[in-house]
Amino acid sequence: MLLSSAHMQTIVIGHKNPDMDSICSAVAYACLKRLTGTPNVIAARAGNTNERIDFVLQKFGVEPPLFISDLSDRIGDVMERDVISVDADSTVYDAIHLLEKKRLRGLPVVDENRRFLGLLSAFKISHHLFPPREEAEMARLITAPLSSIVETFGGKVLTGELPNETREYLLTIGAMSAETFAGRLGQHRPEKLLLFVGDREDIQMQAIEAKVRAIVVTGDLPVSPAVEAAARAGGVTLVRSPHDTAISVDLARGAVQVRRMLEPEHLTFTPETLLEEVREKAAHSAAFVYPILDEAGVLVGILAKSNLLKRAERQLILVDHNELSQAVKGADKVRIVEILDHHRIGGFATDSPILFWNNPVGSTSTIIALCYRQAGVPVPRAMAGLLMAGLLSDTLNLNSPTATETDRVVLEELSKIVGVDPAKFAEEIFSVGSPLLTLTPEQVITADCKEYEEDGVRFTVSQIEELSFSHFPEKQQALLAALEAHTRRSQLFFAALLVTDINTQTSILLCCGAPEFLHRIDFPSRGPNMWELAGVVSRKKQLLPYLLQRLAALPAA
């Protein structure tokens with residue numbers, strides 16, 4: 001998941017373990033925000049979809065909202081994407097000028113496919129150009145193509161060729177007597193020597209006879225026809241430099257390829273790395289920048305230490321929930337600008353006023369439809385179809401006690417836009433993908449699971465809807481085992497699962513947790529940890545208030 005942009009990004013997202021209403025209301029409200037002029041709005045989800053949700057999305061040709069598991073700031077939110085880099089074959093000469101022009105302390109080095117190879121630092125370059133005295137002799141050795149060496153000082157070829165193969169050369173200056181120079185020639189292999197000399201024809205001829213690799217005549221001085229002819233006959237490359245010897249040699253040393261000067265150690269990260277993690281590592285690192293690589297090792301960004309002070313440019317709109325315990329991870333670190341919900345109001349505080357529409361209707365999809373009406377914006381057919389699905393699903397085709405007259409009116413309006421009979425559409429939705437048959441027991445628990453906290457007591461309530469209880473007996477023991485494991489793993493006071501038969505308007509409650517709480521559930525028992533709840537189909541309006549009442553009846557600790 002990567003959410004970065006040059007502009008403020010608004011994310012419309014429902015609760016963790018989203019149901020139909022959560023997904024559909026997020027998509028439809030994001031669409032409305034875009035239609036009314038808010039830029040860079042995306043719909044998101046904090047969990048997986050299911051077969052019924054996928055069926056509805058496909059029916060109306062809508063892509064699933066973006067999956068976001070964590071909104072904590074990541075490198076991809078703050079890194080520099082316009083990366084200045086150099087190819088591995090670039091010369092130090094070119095790199096120096098790029099560093100100076102862009103006021104940089106270093107450069108990432110990449111291959112022809114932009115795969116990261118290492119960092120080139122200004123320190124490495126300065127060490128090459130100005131080595132310690134004890135290493136000064138090594139400064140004469142240059143590993144580079146002859147063509148690159150000549151290019152750095154702007155030389156003109158008089159005889160011979162300039163190969164592009166990278167080889168090691170020894171820079172030599174002919175600023176001595178012919179006798180002394182002859183002695184120097186005998187100390188080195190001539191095919192490695194690059195001689196820089198002025199208009200000293202005796203030195204030039206000696207070098208040609210010794211068959212040095214190339215002779216650079218400096219100061220733009222003339223070369224005699226005899227020397228040129230001898231060089232051509234001896235296969236010696238002869239070059240004229242427009243600069244004097246000192247400058248020519250200095251420039252030639254810049255021909256080294258940057259691949260030979262990479263920092264041996266460096267820290268790299270991926271765009272998905274949490275900023276908090278990077279801040280901790282950066283605090284103990286002397287690095288000036290950190291390359292950001294994708295899974296293939298391709299350079300996609302750069303992170304300077306100053307970037308660590310930034311925050312991601314995004315804000316949140318919560319739909320179908322208002323409690324942070326049900327929100328996507330990291331929501332507490334992002335500015336929340338709107339909330340649209342139809343559930344109880346949990347403990348929630350903001351730094352500044354926000355739009356908070358809490359309406360006790362049967363679904364958040366109903367509220368979103370009212371938002372379209374309030375804005376004077378016609379609901380697009382696909383969005384109307386999604387809002388119908390969310391409304392029908394959350395109100396069990398208006399059979400839930402949470403359904404209101406407003407839901408009925410809105411459903412009628414939406415059905416006219418879509419051109420679909422609500423009853424037939426509801427039958428289509430609920431006939432798709434029985435949770436008991438298509439999900440594992442663990443998935444049944446978490447598919448539509450909401451976490452609550454009341455006076456320091458944490459618990460969860462999950463719900464699935466079935467067309468009948470025909471498959472329940474064969475699954476009940478596995479469901480109880482999964483519920484018990486979920487309770488222990490999440491360290492909950494209790495965990496409940498409501499299995500609802502939408503045809504008979506009856507539910508079976510499974511509950512695991514503290515025995516003192518379970519003993520206070522007084523519905524008719526269907527066996528250990530199971531109760532039958534005739535006429536109870538709403539988690540929000542029927543089951544949750546009952547569970548909270550049972551909690552309140554517990555003796556004080």
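Residues numbered from 1 in each chain as written. Predicted model: local features only at pLDDT ≥ 70, side-chain atom pairs only at ≥ 80, totals over all residues. Heavy atoms only, no water.

Focus on the overall build of the protein chain
Check the secondary structure of the protein chain and you find 20 helices and 23 strands. Taking 24 Å as the expected radius of gyration for a compact globule of 557 residues, we find that the protein chain reaches 37 Å, considerably beyond that expectation. Counting only C-alpha atoms and orienting by the principal axes, one finds that the protein chain spans roughly 115 × 55 × 45 Å. Taking all 557 residues of the protein chain together, the buried fraction comes to 52%. When the accessible area of the protein chain is evaluated, it comes to approximately 25,600 Å², of which 51% is carbon and sulfur surface. Positive and negative charge centroids in the protein chain, built from 56 and 70 side chains respectively, lie 2 Å apart. (Helix = DSSP H or I, 4+ residues; strand = E, 2+ residues; numbered from the N terminus. Rg over C-alpha atoms; globule rule 2.2 N^0.38 Å. Buried < 20%, exposed > 50% of the residue type's maximum accessible area, 1.4 Å probe, protein only. Areas by Shrake-Rupley, 256 points an atom, 1.4 Å probe, with all protein chains shown as cover. Lys, Arg positive; Asp, Glu negative; His and termini not counted. Charge placed at Lys NZ, Arg CZ, Asp CG, Glu CD.)

Brief notes about the sheet that holds strand 7 (residues 141-145)
The mixed open sheet is built from six strands, whose spatial order is 7-9-10-11-12-8. Looking at which strands have only one partner, the edges of the open sheet turn out to be strand 7 and strand 8 (156-159). Strand-to-strand twist across the sheet, computed as the mean angle between neighbouring axes with direction ignored, equals 30 degrees. Note that strand 8 and strand 12 (residues 237-240) share three bridges and pair antiparallel. By the bridge assignment, K156 is partnered in strand 12 with R240. (Pairing = 2+ DSSP bridges. Axes fitted to C-alpha atoms, helices over the stretch in contact; angles between N-to-C directions.)

Overview of the confidence of the model for the protein chain
Taken residue by residue, the protein chain gives an average pLDDT of 92. The fraction at 70 or more is 99%. Confidence drops under a pLDDT of 50 for residues 1-6, and excluding neighbours within four residues, the segment shows 21 contacts in the predicted structure. (pLDDT = per-residue confidence, 0-100. Contact = heavy atoms within 4.5 Å.)

Topic: unusual backbone geometry
The backbone of D220 sits at a positive phi, close to 55 degrees, despite the residue not being glycine. Within the secondary structure, D220 is located in the loop between strand 11 (214-217) and helix 9 (225-234). The class for D220 is partly exposed, based on a relative accessible area of 49%. A positive phi angle, near 55 degrees, is found at Q505, a position not held by glycine. Residue placement: Q505 occurs in the loop between strand 20 (494-501) and strand 21 (506-513).

With respect to the packing of aromatic side chains
What characterises a pair of aromatic rings is the spacing of the ring centres plus the angle enclosed by the ring planes. What the rule picks out here adds up to ten aromatic pairs. When the centroid spacing of 6.0 Å and the interplanar angle of 75 degrees are considered together, the rings of F153 and F196 count as edge-to-face. You can see F153 sitting in the loop between helix 6 (146-152) and strand 8 and its partner F196 sitting in strand 10 (residues 193-197), a full 43 residues away along the chain. Measuring from ring centre to ring centre gives 5.4 Å for Y452 and F459, while their planes differ by 25 degrees; the resulting arrangement is stacked. (Phe/Tyr/Trp six-rings, centres within 6.5 Å; stacked < 30°, edge-to-face > 60°.)

What about the sheet that holds strand 1 (residues 9-13)?
If you trace the six strands from one edge of the open sheet to the other, you get 3-2-1-15-16-17, paired in parallel fashion. At either margin of the open sheet sits one strand with a lone partner, and together these are strand 3 (66-67) and strand 17 (355-358). In the sheet, strand 1 pairs with strand 2 (residues 41-45) via four bridges, with the strands oriented parallel. Looking at the pairing, I11 lines up with I42 of strand 2. Here helix 1 (residues 20-35) sits on the sheet in contact with strand 1, strand 2, strand 15 (314-319), strand 16 (335-341) and strand 17, set at roughly 175 degrees to strand 2. This element, helix 12 (residues 364-375), spans strand 15, strand 16 and strand 17 of the sheet and lies at about 105 degrees to strand 16.

Topic: the nonpolar core
If you look at the biggest cluster of nonpolar residues, it comprises 53 residues, and the most contacted ones within it are V56, Y372, M383, L386 and F425. The element best represented in this core is helix 1, accounting for ten residues. Discounting chain neighbours no more than four positions away, the residues touching L386 are C24, V27, V56, L57, F60 and V62. Grouped together as the second largest cluster of nonpolar side chains are 30 residues, V109, I149, V150 and L171 included. (Core = buried A, V, L, I, M, F, W, Y, C linked by side-chain atoms within 4.5 Å.)

Things to note about helix 4 (residues 92-102)
Looking only at helix 4, the buried set comprises V92, A95 and L99. Looking straight down helix 4, one finds that the buried residues subtend no more than 60 degrees of arc, so they occupy a single side. Those residues of helix 4 that are exposed and angled more than 90 degrees off the buried face are E100 and K101. Where the residues of helix 4 are buried, they touch strand 5 (106-110), strand 6 (116-121) and helix 5 (122-129). Among the residues trailing helix 4, R103 stands out with phi positive, at a value near 55 degrees. (Arc of directions from axis to C-beta.)

Re the pattern of salt bridges
Taken as a whole and judged by the stated rule, the model has 24 salt bridges. One salt bridge connects D448 with R539, and the closest N-O pair in it is separated by 3.0 Å. Taken together, the residues span a long stretch of sequence, with D448 in the loop between helix 17 (441-447) and strand 18 (449-454) and R539 in helix 20 (residues 539-552) at a distance of 91 residues. Each member of the pair, D448 together with R539, is buried. Connected via shared salt-bridge partners are D70, R74, E272 and K329. (Salt bridge = Lys/Arg side-chain N within 4 Å of Asp/Glu carboxyl O.)

Digging into the side chain of T460
Within the secondary structure, T460 is located in strand 19 (residues 457-466). If near-sequence neighbours (up to four positions away) are discounted, T460 is found in contact with C449, K450, E451, H486, L492, F494, A495 and A496.

Considering the packing of helix 12 against helix 13 (residues 381-395)
One can describe the packing of helix 12 onto helix 13 by two numbers: an axis separation of 8 Å at closest approach and a directional angle of 145 degrees. Contacts between helix 12 and helix 13 involve S365, T366, I368, A369 and Y372 on the former and, on the latter, M383, L387, G390 and L391. Here the residues of the contact of helix 12 with helix 13 are counted per class, giving six nonpolar, three polar and no charged. (Nonpolar A, V, L, I, M, F, W, Y, C, P; charged D, E, K, R; others polar.)

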